[in-house]
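What follows is each chain in one-letter form.
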Amino acid sequence: MYGQFRLVKLTTQAFASISQSIRRGSRMAPSPIRTRDVSPEAIAQLGKAPRMRQNPAFRMVDTPEFRSIFTPELEALVDLFKKYNYELRIAGGAVRDILMSIPPKDIDFATTATPDQMKAMFEKEEVRMINANGEKHGTITPRIHDKENFEVTTLRIDVRTDGRHADVVYTTDWQLDANRRDLTINSMFLGFDGTVYDYFFGYDDLQERRVIFVGEADIRIKEDYLRILRYFRFYGRIAKDAKNHDEATLAAIKENAEGLARISGERIWMELKKIVVGNFGSELLLEMHRCKLFEHIGLPANPNLEEFNRLCGVLEQFEKPHYPILYISGLLHSVEDAMELHKRLKLSAYERDLARFIFQQREKVDTEYTALRDYQKLCLQQYVNRDYVEQLLKYSNKVDLYNQLKAWVKPDFPIRGNVLNGHGLKGIRLGFVLNELKTLWADSDFKLTAEELLRQLPDILEKVPSSPNKNKRST
């Protein structure tokens, strides 16, 4: 009861303060939100308040991970905010990492200063600012001593969302900002004196390796449907057990699965890649399937689970890391599935072509391809990347052949394409002839010279179709 009352009171006070500031001509509230649009329904949209600490500044840290962040540039930034009487704290993931004794890679900062106030401060102090695009999200990026960049974001409240974007108003209340964040473990702040500010028992959840949303999971998910995938990603990073999910959280995820259709493929793929190669990657993907997520993120609604389980076991025989797309390929049935995945997620050209290559070649393993020489020949084919062949061997659980191919030093093919131009060969026909010559060369244990290979050219030219099948390109 205290938490709900406190949150509503703080939110109402924040909106009242914003309204008063706007009437005075202040720039505190970012456009496009208008104060008259804020309603009791908007406040209710924040959802039921989570359990809150009476005293959020409940502990101190002084660890090597915390001390490691203090560069001269950071200390200069902290001093600058102190000089202008604005609060500045470390926010989100860096706090979580420090509390887990992990040196943080990226540090985000939160402040009570508005973007306009920060710009005025930095301009007065002749501090260069970069990345102007962040300002629309309340983020200013100063470059201190022309050496280190810091992303500093104004505290804010999300008052309306469409599952992808939010209308926000700025606030000076840290608890309100914490309430808009996704998971309790990501809602903490850290002061530069080592004070941990934890409003929603995120520290306790971190110690117990619990991954739960701030407040109501359904509300938090509807604010940004990508949070569904962020839940699974952080579960892999935090949890100790693959199957210790909160059932109410999974129910909320399943209920909101269709919302992922609104999220761009690029954002989905960024999260999915981290999930599949993280802890409990295979188990989490299967849980995502049970939550009916696959059809909304480009994967088949009826995935190839038998092949996926086989592949996950197989890849344990090889040194990690593995390409995420290699795991994902096990869930697919065909080249068409791979192309649908690419269409939805906007895979890189390398990822797209690797997935396509595996499906075009995997049925030939143990039939057309049985010995090391077969895979060496495959590596020599036009448009075939050697790494694709190595990944095919991993996919097919050919450990010895994989190690042999990795150790193979490919010799230089003695003939260049321009040597064949005088024979009227170009384009696809030239590629066909080169492939035939490389096959002969490989069969000679790579010993045939250019002169010896060219003597075979008349016989090869007799076999060249006038318009070779373009599918030869994919081998």
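Refer to the preceding data block for the structure.
Scope of this entry: the structure provided in the associated data block.

Conventions we followed
- Residues numbered from 1 in each chain as written.
- Predicted model: local features only at pLDDT ≥ 70, side-chain atom pairs only at ≥ 80, totals over all residues.
- Heavy atoms only, no water.
- Helix = DSSP H or I, 4+ residues; strand = E, 2+ residues; numbered from the N terminus.
- Buried < 20%, exposed > 50% of the residue type's maximum accessible area, 1.4 Å probe, protein only.
- Areas by Shrake-Rupley, 256 points an atom, 1.4 Å probe, with all protein chains shown as cover.
- Axes fitted to C-alpha atoms, helices over the stretch in contact; angles between N-to-C directions.
- Parallel < 35°, antiparallel > 145°, perpendicular 65-115°, else oblique.
- Left-handed = near helix turned anticlockwise from the far one by under 90°.
- Contact = heavy atoms within 4.5 Å.
- Nonpolar A, V, L, I, M, F, W, Y, C, P; charged D, E, K, R; others polar.
- Core = buried A, V, L, I, M, F, W, Y, C linked by side-chain atoms within 4.5 Å.
- Pairing = 2+ DSSP bridges.
- Polar contact = N/O pair within 3.5 Å; in protein donor to acceptor, adjacent residues only side chain to side chain.
- Salt bridge = Lys/Arg side-chain N within 4 Å of Asp/Glu carboxyl O.
- Phe/Tyr/Trp six-rings, centres within 6.5 Å; stacked < 30°, edge-to-face > 60°.
- Lys NZ or Arg CZ within 6 Å of the ring centre and 35° of its normal.

Digging into the overall build of the chain
Consideration 1: On a plain count of helices and strands, the chain comes out with 23 helices and 11 strands.
Consideration 2: Taking all 475 residues of the chain together, 51% fall into the buried category.
Consideration 3: Carbon together with sulfur atoms contributes 47% to the accessible area of the chain, which is approximately 23400 Å² in total.

Focus: the packing of helix α10 (residues 227-238) against helix α12 (residues 265-277)
Each packed pair of helices is defined by two parameters, the angle between the axes and the distance between the axes.
Consideration 1: It is the contact of α10 with α12, at a shortest axis distance of 9 Å, that shows an interaxial angle of 20°. Comparing the axis directions of α10 and α12 gives the class roughly parallel. For α10 against α12, the interelement crossing comes out left-handed. Within the contact between the two elements, α10 uses Leu229, Arg230, Phe232 and Arg233 and α12 uses Ile268, Glu271, Lys274 and Ile275.
Consideration 2: Residues of the contact of α10 with α12, tallied by class, amount to 4 nonpolar, no polar and 4 charged.

Describing the nonpolar core
Consideration 1: By size, the foremost hydrophobic cluster in this structure holds 120 residues, and its most contacted members are Phe232, Met288, Leu293 and Ile328.
Consideration 2: Met52, Trp174, Ala178 and Val214 belong to the second largest nonpolar core, which has 11 residues in total.

Thoughts on unusual backbone geometry
Across the chain, the bulk of peptide bonds are trans and the bulk of non-glycine residues have phi less than zero.
Consideration 1: A cis geometry characterises the amide bond from Lys320 onward to Pro321, with omega recorded as 5°.
Consideration 2: Along the polypeptide, Pro321 turns up in the loop between α14 (305-315) and α15 (324-329).
Consideration 3: In the Ramachandran plot, Phe280 falls in the positive-phi region, its phi being about 60° despite a non-glycine side chain.

Comments concerning the pairing of strand β3 (residues 108-111)
Consideration 1: Here 4 bridges tie strand β2 (residues 88-91) to β3, and the two strands are oriented antiparallel to one another. Its bridge partner lying in β3, Ala91 is registered against Asp108.
Consideration 2: Pairing of β3 with strand β7 (residues 151-154), which is carried by 4 bridges, proceeds in the parallel orientation. Within β7, the position partnered with Ala110 by the bridge is Thr153.

Some points on helix α19 (residues 386-395)
Consideration 1: Of all 10 residues in α19, 9 are buried, a share of seventy percent or more.
Consideration 2: The inward-facing, buried residues of α19 contact α14, α15, α17 (349-361), α18 (372-380) and α20 (399-407).
Consideration 3: The N-capping residue of α19, defined by a side-chain oxygen 2.8 Å from the backbone nitrogen of Asp387, is Asn385.
Consideration 4: Immediately downstream of α19, the backbone of Asn397 shows phi near 60°, a positive value.

Quick word on the pattern of salt bridges
Working definition: two side chains of opposite charge can pair if their charged atoms are close together.
Consideration 1: All told, the structure shown has 31 salt bridges when counted by the stated rule.
Consideration 2: A salt bridge links Arg352 to Asp353; the nearest nitrogen and oxygen atoms lie 2.9 Å apart.
Consideration 3: A salt bridge links Asp366 to Lys398; its shortest N-O distance comes to 2.8 Å. On the criterion of sequence distance, the pair formed by Asp366 in the loop between α17 and α18 and Lys398 in the loop between α19 and α20 is long-range, its members being 32 residues apart.
Consideration 4: Shared partners join several salt bridges into a network, and the residues in it are Arg53, Asp198 and Asp204.

Some remarks on the packing of aromatic side chains
To describe a pair of aromatic rings, one takes the distance between the centres and the angle between the planes.
Consideration 1: Counting across every chain of the model gives 20 aromatic pairs.
Consideration 2: Centre to centre, the rings of Tyr199 and Phe200 are 6.3 Å apart; their planes meet at 50°, and the pair counts as tilted. Judged on exposure class, the residue Tyr199 and its partner Phe200 are both buried.
Consideration 3: Judged by centre distance (5.2 Å) and plane angle (90°), the ring pair of Phe318 and Tyr402 falls under edge-to-face. Pair noted here: Phe318 is in the loop between α14 and α15 and Tyr402 is in helix α20, with a separation of 84 residues, a long-range link.
Consideration 4: Judged by its relative accessible area of 7%, Phe318 falls in the buried class.
Consideration 5: The class of Tyr402 is buried, set by a relative accessible area of 14%.
Consideration 6: Joined through ring pairs, the aromatic side chains of Phe66, Phe70, Phe109, Phe150 and Phe192 make up one cluster.
Consideration 7: Directly above the ring of Phe234 sits Arg233, whose terminal nitrogen or CZ lies 4.7 Å from the centroid.
Consideration 8: One residue, Arg310, lies across the ring of Tyr395, its end atom 5.3 Å from the ring centre.

Regarding the pairing of strand β5 (residues 139-144)
Consideration 1: Of all the 6 residues making up β5, 5 are buried; the element is thus mostly covered by neighbouring parts of the structure.
Consideration 2: Of the strand pairs in this sheet, strand β4 (residues 128-130) and β5 are connected by 3 bridges, and their pairing is antiparallel. Its bridge partner being in β5, Ile130 is matched across the sheet by Thr141.
Consideration 3: Strand direction decides the pairing type here: β5 and β7, joined by 2 bridges, are antiparallel. Paired with Thr139 across the two strands is Thr153, which belongs to β7.

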